[in-house]
Structure formats: C-alpha cells, structure tokens
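Chain by chain, the residues run as shown.
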Amino acid sequence: MTIKVLVSGSGKMGREVLHAVSAEDDMEPVGVVDLLSTEEYISLPGEVLVPFERNPSALITRTRPDVIVDFTSAEWTPKLAEAALEDNVRLVSGTSGLSESFISHLGEQYAKRDLGAVVASNFAIGAILMQQMSRMAARFYDSAEVIEQHHDGKADAPSGTSLATARAIVDAHGNPMSLAETKRETVRGTRGGAVDGVPIHSVRLPGLVAHQEVIFGGPGETLRIRHDTSDRASFMPGVLLAVREVMNLKSLVVGLEGLFGFDAGGARK
Ligand SMILES: NC(=O)c1ccc[n+]([C@@H]2O[C@H](COP(=O)([O-])OP(=O)(O)OC[C@H]3O[C@@H](n4cnc5c(N)ncnc54)[C@H](O)[C@@H]3O)[C@@H](O)[C@H]2O)c1
C-alpha cells in the first residue's frame, strides 16, 4: 500500500520532509499546504510537480491524503488540525510550542474517531535515546543539569526536548532532584531555569543546529549523555517511522518514544 502524504509547511523542515517522503517506495507526496504559498506547484526531482495551496480543506479534498505531516507554527497547527479532523485525516506534527490544552483536545478528537495521530517535540532518534538513557541514570543520581544549544533563530527557550528530558529525569527519580544552593548569584539567571531541581541552560548561537548534554553528578563522578544534530536529515528517520506507525494507531501518541515500546525505566518492552 502506498501512503499518501500531504506536507504542511514549506519551510526548511517541510521541504526536507517532502524530499524524504518522495524517496520512499511506500509513500507518495500528494501536496504541500502553506499559508504563505505563492506558487501553484512545488517541483521535485524527476520533473514531478506537487500541488501547493494555502487552504488545507481545499487541498485535502483535492488530494485525499492518508497522513498530513506538519512542521509549521503553534498558531497554524490548530487550524490545520481542524481541517484534518473534519476529513478524518491522520496527523503527524513536529511543530514546536503546541499548548497542552490543544494537545489534549487533539487526543480526545482522534480517540473519538479511532484514528491515529503523533505529536512529537523531537523526531531525532538519538535525542529520544538520550532521554531514555537519562531516565535510566536518574534512578542512581540525586543531581542533574541540562545544557541545550540551538541556532540563534529558535523562537522558544528552553527547548521542548530539554523540558521533556528534565521531566523524565524527575519522573524516573521519583521526586525532585537536589539542587546545589548558590549563595551569591552575581549575574541573575546564570544558574539557568530549574524544573523540579533540574536546571536547564539554553545557549542560542549562530552556527549551532540542535545539541543537548545531560550531566549527572554524584560523589566523585559525573556522567554525561550528549546528543548532537548537525543536519535536519537527522529528523527524517523518525518522521518516516511516525508516518508508517500512525497508519496503525487508533489514537494520539505524544512523543516519538511512544512508538518505540520503551517501559518507564527505559528498557525496550
Ligand atoms: N519536532 C522536531 O523534531 C522538530 C525539528 C525541527 C524543527 N521543528 C519545528 O518545526 C517547525 C518548522 O521548522 P522550520 O525549521 O521548517 O521553520 P521555517 O521557519 O523554515 O518554516 C516555518 C513554516 O511554518 C509556516 N508558518 C510560520 N508561521 C506561520 C503562521 N503564523 N501561520 C501559518 N504558517 C506559518 C511558514 O510558512 C513555513 O512554511 C518549528 O516549529 C520548529 O521548531 C521541530
């Protein structure tokens, strides 16, 4: 069976997804929707033209996709999702900054329809493994800090991945981590922003893509778990996995780890 994929967003990620999907034998890109579209078509290698439109409902009616893959903005994704739900189309979204209330609304609506959807703040498989390894380590250490580094164009801080990592650490630890007290902070904020005792430090610089290091500290030792994304191609295996898996889901899965079959301790079920 060929999975018909409609791509939402024609920015850096949208275009990467379009090319990744078009290279797969079991997938077909059927269109691209973007509020800012100015052309009628986007061309792909092999002189293939893909319809390019501003209106999601019109493009869904025209192309009848099985799955919409969305990498846009938190203002746009809810509007797109309404159009997807109206026509019972599965959704895979990697858009950053989606609100908890919107995600829970999506969960209710997709469950009601027995239809699959995936929302994930990070599609890089290594980043998910980093989170799972942090979860494992959190059972053995009382203190941890996260340093996340991104390009200077990133809109939000801290990153969704660093927040999810900090929450996973606290969850696996069973209670808040212990945070060393700083008696005198001569520059405000230098200790980062803490999530239940796990400080997160956000670096924003040109030249960076997406990087994160988790440092656990214990008596006489530290453990460092690090992941580096050097190219957007790193997200594509996770996106393609989600497109295949969402076809068999009957509700919303939040986080790519939900497709990996890990238990809460990080081991594979
Ligand atoms: N989950 C992940 O693994 C992952 C990885 C990389 C990027 N992202 C996220 O994906 C999204 C897109 O990233 P990008 O690098 O392609 O960005 P980009 O700036 O290159 O593209 C943004 C896209 O969103 C559209 N858009 C922006 N604001 C809009 C609005 N208000 N209404 C309608 N459309 C709007 C633009 O037209 C464009 O198509 C961001 O939220 C980014 O943080 C997620």
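All figures in this text were calculated on a predicted structure; none of them were measured in a lab. (Residues numbered from 1 in each chain as written. Predicted model: local features only at pLDDT ≥ 70, side-chain atom pairs only at ≥ 80, totals over all residues.)

Focus: the sheet that holds strand 4 (residues 48–53)
Pairing in this open sheet of 8 strands is mixed, and the strands run 3-4-2-1-5-6-7-13 from one edge to the other. With one partner strand each, in any of the chains shown, strand 3 (41–44) and strand 13 (252–254) form the two edges of the open sheet. Each adjacent strand pair in this sheet contributes to an overall mean axis angle of 25 degrees, direction not counted. By the bridge criterion, 4 bridges tie strand 5 (residues 67–70) to strand 6 (residues 90–93) in an arrangement that is parallel. Pairing of Ile-68 across the sheet is with Leu-91, part of strand 6. (Pairing = 2+ DSSP bridges. Helix = DSSP H or I, 4+ residues; strand = E, 2+ residues; numbered from the N terminus. Axes fitted to C-alpha atoms, helices over the stretch in contact; angles between N-to-C directions.)

Topic: the site of the ligand
Around the ligand lies a shell of 22 residues, among which Gly-11, Met-13, Ser-73, Gly-94 and Ser-96 are the nearest. Partitioned by chemical class, the residues of the shell around the ligand number 8 nonpolar, 11 polar and 3 charged. (Near = placed C-beta within 6 Å. Nonpolar A, V, L, I, M, F, W, Y, C, P; charged D, E, K, R; others polar.)

Side note on helix 5 (residues 125–138)
Over its 14 residues, helix 5 runs 20 Å from end to end, which matches the ideal 20 Å to within 8%, given 1.5 Å per residue. Of the surrounding secondary structure, the elements contacted by the buried residues of helix 5 are strand 8 (143–150), helix 6 (160–173), strand 11 (210–218) and strand 12 (221–229). (Expected span 1.5 Å × (residues − 1). Contact = placed C-beta atoms within 7 Å.)

Some points on the packing of helix 2 (residues 56–63) against helix 3 (residues 77–86)
Orientation of helix 2 relative to helix 3, taken along the N-to-C sense of each, is 35 degrees, at an axis distance of 9 Å. As for how helix 2 packs across helix 3, the hand of that crossing is right-handed. Facing Pro-56, Ser-57 and Ile-60 of helix 2, the residues of helix 3 in contact are Leu-80, Ala-83 and Glu-86. For the contact of helix 2 with helix 3, the class distribution of residues is 4 nonpolar, 1 polar and 1 charged. (Left-handed = near helix turned anticlockwise from the far one by under 90°.)

Focus: the sheet that holds strand 8
The sheet built from 5 strands is open, its strands ordered 9-10-8-11-12 with mixed pairing. On the outer flanks of this sheet lie strand 9 (193–195) and strand 12, each paired with one strand and no other. Direction aside, neighbouring strands of the sheet carry axes that sit 20 degrees apart on average. The sheet contact formed by strand 8 and strand 10 (residues 198–204) spans 5 bridges and is parallel. Residue Glu-148 lies in a different strand from strand 10, and its bridge partner there is Ser-202. Across the sheet, helix 5 is in contact with strand 8, strand 11 and strand 12; its angle to strand 12 comes to roughly 165 degrees. Helix 6 rests against strand 8, strand 9, strand 10 and strand 11 of the sheet, and its axis sits at about 170 degrees to strand 8.

Re the nonpolar core
Residues Val-5, Val-17, Val-69, Val-92, Val-239 and Val-243 are the most contacted members of the largest nonpolar core, which totals 63 residues. Lining this core are residues from two domains, each supplying at least three of them: domain 1 (3–119 + 233–259) and domain 2 (125–230). (Core = buried A, V, L, I, M, F, W, Y, C linked by C-beta atoms within 7 Å. Buried ≥ 20, exposed ≤ 12 C-beta atoms within 10 Å, placed from the backbone. Domains from an automatic or database assignment.)

A short note on the domain arrangement of the protein chain
The domain boundaries assigned to the protein chain delineate domain 1 (3–119 + 233–259) and domain 2 (125–230). On a C-alpha basis, the centres of domain 1 and domain 2 stand 30 Å from each other. Taken together, the contacts link 7 residues of domain 1 with 7 residues of domain 2. Residues that form the side of domain 1 that touches domain 2 fall into these classes: 2 nonpolar, 4 polar and 1 charged.

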